Amino acid sequence: MSSNRPLFLIDLDDTMFQTARKMAEGTPRHAATLDVEGQPNGYMNPVQKTFAQWLLANADVVPVTARSVEAYSRVQMPFSQGAICSHGGVILGPDGKLDQSWQEHMRVILDSFQSRLPDLSEATLEIGKELGISLRGWVVEEEGLRHYVVTKHNESNDEVLNTVLAEVQARGLLDGMHIHGNSNNLAFLPTGLSKRVAVEEWLRRDREVNGERPVLGVGDSITDLGFMDVCHMWATPARSQLAKMVESVVNG
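Residues numbered from 1 in each chain as written. Predicted model: local features only at pLDDT ≥ 70, side-chain atom pairs only at ≥ 80, totals over all residues. Heavy atoms only, no water.

Peer 1: Help me understand the overall build of the chain in this model?
Peer 2: Looking only at helices and strands, the chain has eight helices and 12 strands in total. Put simply, the chain has 252 residues, and 45% of those count as buried. Contacts in the chain between residues far apart in sequence, at least 24 positions, make up 55% of those at least 6 positions apart. Carbon and sulfur atoms make up 52% of the accessible area of the chain, which amounts to about 12,500 Å² in all. Of the charged side chains in the chain, 23 are positive and 33 negative, and the gap between their average positions amounts to 4 Å. (Helix = DSSP H or I, 4+ residues; strand = E, 2+ residues; numbered from the N terminus. Buried < 20%, exposed > 50% of the residue type's maximum accessible area, 1.4 Å probe, protein only. Contact = heavy atoms within 4.5 Å. Areas by Shrake-Rupley, 256 points an atom, 1.4 Å probe, with all protein chains shown as cover. Lys, Arg positive; Asp, Glu negative; His and termini not counted. Charge placed at Lys NZ, Arg CZ, Asp CG, Glu CD.)

Peer 1: Would you mind showing me how to read the pattern of salt bridges here?
Peer 2: Pairing of side chains with opposite charge becomes possible as their charged atoms draw close. As enumerated under the stated definition, the model contains 19 salt bridges in all. Between R21 and D158 there is a salt bridge, and its shortest N-O distance comes to 3.8 Å. With R21 in the loop between β1 (7-10) and β2 (30-34) and D158 in the loop between β8 (145-153) and α5 (160-170), this residue pair connects regions lying 137 residues apart in the sequence. For R21, a relative accessible area of 60% translates into the label exposed. A residue is classified by how much of its surface remains accessible, and D158, at 23% relative accessible area, is partly exposed. Connected via shared salt-bridge partners are D99, E201, R204, R205 and E208. (Salt bridge = Lys/Arg side-chain N within 4 Å of Asp/Glu carboxyl O.)

Peer 1: I would appreciate a short explanation of the sheet that holds β1 in the present structure.
Peer 2: Strand order in the open sheet formed by four strands is β4-β1-β11-β12, with parallel pairing between adjacent strands. The open sheet has two edge strands with one neighbour each: β4 (60-63) and β12 (233-235). Within the sheet, the average angular offset between the axes of one strand and its neighbour, ignoring direction, is 20 degrees. Across four bridges, the pairing between β1 and strand β11 (residues 215-218) is parallel. What sits directly across from L7, in β11, is V215. Set on the sheet, helix α1 (residues 46-58) makes contact with β1 and β4; between it and β1 the angle comes to about 140 degrees. Sitting on the sheet, helix α6 (residues 195-210) touches β1, β4 and β11, and the angle it makes with β1 is about 165 degrees. (Pairing = 2+ DSSP bridges. Axes fitted to C-alpha atoms, helices over the stretch in contact; angles between N-to-C directions.)

Peer 1: Even after reading the chapter, I still don't get the layout of surface pockets, so can you show me in this structure?
Peer 2: A probe as big as a water molecule, rolled over the atoms, marks out the empty space that is left. The computed volume of the largest pocket comes to approximately 980 Å³. Along the walls of the largest pocket sit 38 residues, with D13, R67, W138, K152 and N185 positioned nearest its centre. Only β3 (40-44), α2 (69-72), β7 (135-142) and β8 provide two or more residues apiece to the lining of the largest pocket. Residue contributions to the lining of the largest pocket peak at five residues, all from β7. Its residues assigned to classes, the lining of the largest pocket shows eight nonpolar, 14 polar and 16 charged. In this model, the second largest pocket occupies a volume close to 770 Å³. (1 Å grid on protein atoms, 1.4 Å probe; cavity = no way out; pocket = protein on both sides within 12 Å on 5 of 7 lines; lining within 4 Å. Points joined across faces, edges and corners; volume = space filled by probe spheres on them. Nonpolar A, V, L, I, M, F, W, Y, C, P; charged D, E, K, R; others polar.)

Peer 1: How do you make sense of the sheet that holds strand β10 (residues 186-190) when you look at a structure like this?
Peer 2: Ordered by their spatial adjacency, four strands build an open sheet running β7-β8-β10-β9, and the pairing between neighbours is antiparallel. Edge strands, defined here as strands with exactly one partner in the open sheet, are β7 and β9 (177-181). Neighbour-to-neighbour, the strand axes of this sheet turn through a mean angle of 20 degrees, independent of strand direction. Relative to β10, β9 is paired through five bridges, and the arrangement is antiparallel. Its bridge partner lying in β10, I179 is registered against F188. Sitting on the sheet, helix α3 (residues 100-110) touches β7, β8 and β10, and the angle it makes with β8 is about 70 degrees.

Right, here's the structure in full:
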């Protein structure tokens, strides 16, 4: 059945919700995500909650997230259109199941990186030890297909990840890859894996069913511009990484 409602393609973390440490003290918190033990670990403020309710009532909303399928399953928001997960490595249908045609497409794209990604994750953690920076990291994978490396720090300052990134680059470990970095999140992605590529495929399929309809992209990271750019319009939260970049350009 076709839809003429606007289509929102929307990032989740730091766009629709965030961790408690990123919220002003005293701000009312509405649980939006759970950790692996089932305890809240991501929250909407009142404005985000109202915005989410309005979106879901008036538009078709598709999350476009770096989260794995498992991490996405812990998001406590009633999305029903499907989702793009794992930085574009996975397309989920409305039933929550992996789109197998996209899975096979990504299997070809990522084949040459399957042994490289665990080695890269291990090397990054070792670099952290050498620099005296406490890190944790892993390889995100779905159904046995490795997608990308994610690294986070256990320090008090997000800037330490820039130091780690500089050393990883200096050692030539990222040839044929691109980088996502925002707050306490550093990801190394193979070329061919991106939110943009998955969104282009989603929109191709959507136009076959619904024709041309308004498409709006929402995200907080500079790298989200990749998928937001293929939408008719885009928006970003105030004080997001992307908003700060635009502000710096405007203010010279």
